[in-house]
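Close look at the chain arrangement
Spelled out from the first residue to the last, the chains are:
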Amino acid sequence: MISIGGMPRTARRIARSVAVGTVMVGSIAAGSLPATAAQARPATPAADREITFTVDGTITYGTLHIPAHRRGQKMPAVLLLPGSGPTDRNGDQPPALTPHTLAKLAGALAGNGVVSLRFDKYGTGRTGLGAYAGRPETLDHPAFVRQADAAYRLLAGQPEVNRRAVRLIGHSEGALTALRVAVTAEPRAAGVGLLQPLARRFLDVLAQQLHDQLAAAVAAGQLSRQEQLTIGRAVDQAVADLRAHRPPDTSAMPPALAELFRALAGPSRRYMETIDAINPASVAHQLPPRTPALLTCGTIDQQVPCPTTTQLTAALERAHTSGPGRIVLPGVAHDLTDPANPDVLASATLDALRRFMRCGAR
């Protein structure tokens, strides 16, 4: 949490958590073929394939995981998209944050015979900034959507993939990218999964997270009620300033929080403005009818509390998407795990994935 006079460690944590995203890394567990299938036809073993593709003059690097399969078999596939900030193909922000969220998802999908592709988005892993290295301030959200769209088309064209059974799954902020790709995807997406998604406008989510953390600091005796009100008003005013294209007034904020808003008004302004302009519910309403859609929220997710997903859930229903719709994950945190067993995806997460992959399966 934050305090005006001190608490630098907590203030830094707040700035890190709201600045940009979450991710994960790990090994892939290959799925096994039923004995009858393995005896009927020789099996091709599971394998990771390093892939590259070029968008906007930048080579993107990724991992295509092919589960064990019969020769000539066409399998369903999923494009996995990471959360905000410097989150790499595995869902990690090394060295500090390594939950391996996307790698765990890839392993779970492989166990059910699903091909997956995950890649290092701009600013992460082997991809880095590429052509944007000399002008990072020009990176906007549409650039990440173009990158994801190219990855989707590449995945659909793989020889082991059933191009009519390709889905998108986005975690956290990646859910918005998944939605935007799914609206115009070619071939048409067989489903879109929104896991603990960015469900409202970017700056609204940021402000809510900060207000929640300020309230928690008061409850823990780390901040006075008056300090909470003063900083809270400064946060709301800074959001209004950013949306009005004015420099935010950070004079009443702790240093780490002030630095965050100065970054949003400086090097990250174009990205912030282009993503904040998007209401995820409006994008969801554009999905093709009968698109299978999953939205998850965890009951202990402090970044995306379940009540914040209500509007997006309603938009999916208005778009006449098919099930499973919103699934509440009891005892599950933002990284899709049970904190008592953080090394694996929670059983509730795995159950939701299975329901989603069965819905509308071709």
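Residues numbered from 1 in each chain as written. Predicted model: local features only at pLDDT ≥ 70, side-chain atom pairs only at ≥ 80, totals over all residues. Heavy atoms only, no water.

1. Brief notes about the nonpolar core
Inclusion rule: Among buried residues, those of type Ala, Val, Leu, Ile, Met, Phe, Trp, Tyr and Cys that are joined through side-chain atoms within 4.5 Å constitute a nonpolar core. Throughout this description, buried means an accessible area under 20% of the type-specific maximum (1.4 Å probe, protein chains only), exposed means over 50%, and partly exposed covers the range between. Starting at the N terminus, helices and strands are each numbered in turn, a helix being any DSSP run of H or I of at least four residues and a strand any DSSP run of E of at least two. When checking whether two residues touch, look at their non-hydrogen atoms; a contact exists if any pair is within 4.5 Å.
L79, L155, L168, F261 and L264 are the most contacted members of the largest nonpolar core, which has 74 residues in total. With 9 residues, the top contributor of residues to this core is helix α4 (residues 141-156). Residue contacts for L155: discarding those within four places in its chain leaves L64, A77, V78, L79, V115, L117, V161 and V166. Residues L109, V114, L345 and L353 belong to the second largest nonpolar core, which totals 22 residues.

2. Considering the state of the cysteines
Applicable threshold: Throughout, a disulfide means two cysteine sulfur atoms within 2.5 Å of one another.
Applying the stated criterion to the full structure yields 1 disulfide. Across the disulfide, C297 is cross-linked to C306 (sulfur-sulfur distance 2.1 Å). One disulfide, between C297 and C306, carries an S-S torsion of 100° and so falls in the right-handed class.

3. Thoughts on the packing of aromatic side chains
Just so we agree on the cut-off: Here the aromatic set is Phe, Tyr and Trp, taking the six-membered ring for Trp, and pairing holds for ring centres within 6.5 Å; pairs whose planes are under 30 degrees apart are stacked, those over 60 apart are edge-to-face, and all others are tilted. In this analysis the charged atom, NZ for Lys or CZ for Arg, is taken to sit over a ring once it is within 6 Å of the ring centre and within 35 degrees of the ring normal.
Across all of its chains, the model carries 4 aromatic pairs by this definition. Both rings, one in Y122 and one in F144, keep their centres 5.5 Å apart while their planes meet at 75°; by these two values the pair is edge-to-face. Residue Y122 is found in the loop between β6 (115-119) and α4, and its partner F144 is found in helix α4; the two are separated by 22 residues along the sequence. Pair check on accessibility: Y122 and F144 agree, each one buried. Plain terms: the ring middles of F144 and Y271 are 5.5 Å apart, the flat faces sit at 75° to each other, and that makes the pair edge-to-face. Taken together, the positions of F144 in helix α4 and Y271 in helix α9 (residues 269-276) put the pair 127 residues apart, joining distant regions of the chain. A network of ring pairs unites the aromatic residues Y122, Y132, F144 and Y271 as a single cluster. For R167, the ring lying beneath its charged end belongs to F356, and the centroid distance is 4.9 Å.

4. Brief notes about the environment of T124
Within the secondary structure layout, T124 lies in the loop between β6 and α4. In contact with T124, not counting residues within four places along its chain, are G85, P86, T87 and D88.

5. Some thoughts on the confidence of the model for the protein chain
Note the following rule: Note on scores: pLDDT gives the predictor's confidence for each residue, bounded by 0 and 100.
Per-residue confidence for the protein chain gives a mean pLDDT of 90, with 88% of residues at or over 70. Note that pLDDT drops below 50 for residues 1-40; the model gives that stretch 117 contacts with residues more than four away or on any other chain.

6. As for a positive patch on the surface
Note the threshold: Every patch collects residues that have over 30% relative accessible area and no salt bridge, joining them within 9 Å if they carry like charges and within 5 Å if they are nonpolar side chains (Val, Leu, Ile, Met, Phe, Trp, Tyr). With residues, only the protein chains shown are counted as cover, and all accessible areas are computed by Shrake-Rupley using a 1.4 Å probe. For this analysis, a salt bridge means a side-chain nitrogen from Lys or Arg found within 4 Å of a carboxyl oxygen belonging to Asp or Glu. Asp and Glu count as negative and Lys and Arg as positive, but His and the ends of the chain are not part of the count. In this description, the location of a charge corresponds to atom NZ of lysine, CZ of arginine, CG of aspartate or CD of glutamate.
The grouping of R164, R188, R290 and R362 at the surface amounts to a positive patch. Its location among the elements puts R362 in the segment after α12 (347-358). Judged by relative accessible area, R362 falls into the partly exposed class, the value being 47%.

7. Some points on the pattern of salt bridges
As enumerated under the stated definition, the model contains 13 salt bridges in all. In this structure, E50 and R126 form a salt bridge, with 3.4 Å as the shortest nitrogen-oxygen distance. Remark: R126 occurs in the loop between β6 and α4 and E50 occurs in strand β2 (residues 47-55); sequence separation between them is 76 residues. On the accessibility criterion, E50 (42% relative accessible area) is partly exposed. When the shortest N-O distance is used, the salt bridge between R153 and D149 registers 3.0 Å. Separated by 4 residues within a single helix, R153 and D149 lie in helix α4, roughly one turn from each other. If you follow the salt bridges from partner to partner, you end up with E50, R89, D120 and R126 in one network.

8. So, α9
Selection rule: The arc refers to the directions leading from the helix axis to the C-beta atoms.
R269, Y271, M272, I275 and D276 are the residues of α9 that are buried. Taken around the axis of α9, the buried residues stretch over an arc of 165°, which confines them to a single face. The inward-facing, buried residues of α9 contact α4, α5 (174-184), α6 (202-219), α7 (225-243) and α8 (255-265).

9. Some details on the pairing of strand β10 (residues 322-329)
Keep this limit in mind: What makes two strands pair is DSSP finding at least two bridges between them. When the strands point away from the viewer and the connection leading from the first strand across the helix to the second strand turns clockwise, the crossover is called right-handed.
Bridge analysis of strand β9 (residues 292-298) against β10 gives 7 bridges, and the strand direction is parallel. The residue of β10 that forms the bridge with L294 is G325. With helix α11 (residues 310-318) bridging β9 and its parallel neighbour β10, the resulting β-α-β unit is right-handed.

10. Section: the packing of α6 against α8
Note the threshold: For helices, the axis comes from a line fit to the C-alpha atoms of the stretch in contact; other axes are also lines fit to C-alpha atoms, and the angle between any two N-to-C directions lies between 0 and 180 degrees. Angle categories are assigned with fixed cut-offs, so that under 35 degrees is roughly parallel, over 145 is roughly antiparallel, 65 to 115 is roughly perpendicular, and the rest are oblique. By the convention adopted, Pro, Cys, Tyr, Trp, Phe, Met, Ile, Leu, Val and Ala count as nonpolar, Lys, Arg, Asp and Glu as charged, and the other residues, Gly among them, as polar.
Viewed as axis vectors pointing N to C, α6 and α8 meet at an angle of 180°, and their least axial separation amounts to 14 Å. Taken together, the axes of α6 and α8 lie roughly antiparallel to each other. Judged by residue contacts, F202, L203, L206 and L210 of α6 engage L257, L260, F261 and L264 from α8. Classifying every residue of the contact of α6 with α8 by side-chain character gives 8 nonpolar, no polar and no charged.

11. A short note on the sheet that holds β6
Taken together, the 8 strands give an open sheet; going across it, the order is β2-β3-β6-β5-β7-β8-β9-β10, and neighbouring strands pair in mixed fashion. Sheet topology places β2 and β10 at the edges, where each strand pairs with a single neighbour. Going from strand to strand, the sheet's axes swing by 20° on average, the running direction of each strand aside. Relative to β9, strand β8 (residues 192-195) runs parallel, the two sharing 4 bridges.

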